[in-house]
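So the chains spell out like this:
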Amino acid sequence: MTAEVIDGRKIADELKRDVARDVDELRDSGISCGLITIQVGNDPSSQTYRSRLRKIGGELGIDVTDVVLPETVGCDEVIDAVRAANANQATSGILILRPLPGHISEAEVFRELSQVKDIEAVHPENAGLLALGVPRYIPSTAASVFHVLDEWLTQAGECKSSFYHRARIVVVGRSNNVGKPLVSLAYARQAAVESVDEWASHTGRLSAHTRRADVLICAAGVPGLIQAEHVRAGAIVLDVGINLDVDPVSGATRIVGDVAFDAVLNRVRAITPVPGGIGPVTDVWLMRNVVAAARDCMSTAFRKGRR
């Protein structure tokens, strides 16, 4: 068996056309879409992500403003930046870039976000709505995983509801921003769901979980964690991992996933590559949430104006 390699860039381009149309419609109605990113420190991955968002924002007509604070700032200064972004009427979405320095409390910062502008659903209210199955916004990475899977199932001629009802979905990784939302979205599709993390590999139990998966979603942030022995023949594998691999001789770097792609390729039915799989869709979905937030911000302002 040779897997079908799912083309995330093609799916992202199709989604981008839909988002661009929505941006144009809002602009014709006098509603602008804007994103503010807030970064503390100089984490290279966050800088790269900001660059990607500026590029796609320019393509879609969404203004992207970056607020970069030195790593030495205190929590109060970060909260001041969040409050300023909340009050910025030209902004519909706010993204707090992770990781934050260790001395900054994520929980305190996230609580200060405007719930309507919190496009990654990290405010306690939005995280709770997601867990309850009635999300205001779906975090971009988790949403992109299931968007890619839904698109692939449609192209493969599968009935999505029937597939999910009989499928066992195993999520490797339990982060608040990816792993846990993935579980919530799998629950919403009425699939059988199992959550495990990388620690199972230390006790030799990882494959006992992952080999039961019809759909294996890997979001542990551990390069090459999933090998051929961890995957059931005919499974669908969605790799969310974005890891930098440095060649010890040349010093060259490349991006690799959590899945040993070449080792798994001949065992599975379908697989997403890294790069070119989930990542491109995630960038567009974030902008989709910015557009949705622009509508919500306008609705909120309208309701306040009627009081």
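As the structure is a computational prediction, the values presented were derived from the model and not from experiment.

Observations regarding the packing of aromatic side chains
Reasoning step 1: Considering all chains together, one arrives at two aromatic pairs under this definition.
Reasoning step 2: Residues Phe146 and Tyr164 carry aromatic rings whose centres are separated by 6.3 Å and whose planes lie at 50 degrees to one another, so their mutual orientation is tilted. Of this pair, Phe146 sits in helix H6 (residues 140-155) while Tyr164 sits in helix H7 (residues 160-166), and the two are 18 residues apart along the sequence.
Reasoning step 3: On the accessibility criterion, Tyr164 (3% relative accessible area) is buried.

Side note on the pairing of strand S8 (residues 236-239)
Reasoning step 1: The alternating pattern of S8 places Ile236 and Leu238 and Val237 and Asp239 on opposite faces, both of which are buried.
Reasoning step 2: As judged from the four bridges shared by strand S7 (residues 215-218) and S8, these two strands associate in the parallel manner. Bridge assignment links Leu216 to a residue of S8, and that residue is Val237.
Reasoning step 3: Pairing of S8 with strand S11 (residues 270-271), which is carried by two bridges, proceeds in the parallel orientation. Residue pairing across strands places Ile236 opposite Ala270, the latter belonging to S11.

Observations regarding the pattern of salt bridges
Reasoning step 1: Under the defined criterion, the tally for this structure stands at 19 salt bridges.
Reasoning step 2: The residue Arg27 makes a salt bridge to Asp24 at a minimum N-O spacing of 2.8 Å. One end of the pair is Arg27 and the other is Asp24, both in helix H1 (residues 8-28) and three residues apart, which spans about a single turn.
Reasoning step 3: For Arg27, a relative accessible area of 43% translates into the label partly exposed.
Reasoning step 4: Residue Asp214 pairs with Arg232 through a salt bridge whose shortest N-O separation is 2.9 Å. You can see Asp214 sitting in the loop between helix H10 (206-210) and S7 and its partner Arg232 sitting in the loop between S7 and S8, a full 18 residues away along the chain.
Reasoning step 5: Judged by relative accessible area, which is 23%, Asp214 ranks as partly exposed.
Reasoning step 6: According to the relative accessible area criterion, Arg232 is partly exposed, its value standing at 29%.
Reasoning step 7: A network of salt bridges, in which partner residues are shared, links Lys16, Lys55 and Glu59.

A closer look at the sheet that holds S11
Reasoning step 1: If you walk across this open sheet you meet the six strands as S1-S11-S8-S7-S5-S6, and the pairing is parallel. The open sheet terminates on both sides in strands that have one partner only, identified here as strand S1 (4-5) and strand S6 (192-196).

As for the side chain of Asn126
Reasoning step 1: Topologically, Asn126 is positioned in helix H5 (residues 124-131).
Reasoning step 2: Looking at Asn126, its side chain comes within polar contact range of the side chain of Arg136, at 2.4 Å.

Reading guide: rules and limits
- Residues numbered from 1 in each chain as written.
- Predicted model: local features only at pLDDT ≥ 70, side-chain atom pairs only at ≥ 80, totals over all residues.
- Heavy atoms only, no water.
- Phe/Tyr/Trp six-rings, centres within 6.5 Å; stacked < 30°, edge-to-face > 60°.
- Helix = DSSP H or I, 4+ residues; strand = E, 2+ residues; numbered from the N terminus.
- Buried < 20%, exposed > 50% of the residue type's maximum accessible area, 1.4 Å probe, protein only.
- Pairing = 2+ DSSP bridges.
- Salt bridge = Lys/Arg side-chain N within 4 Å of Asp/Glu carboxyl O.
- Polar contact = N/O pair within 3.5 Å; in protein donor to acceptor, adjacent residues only side chain to side chain.

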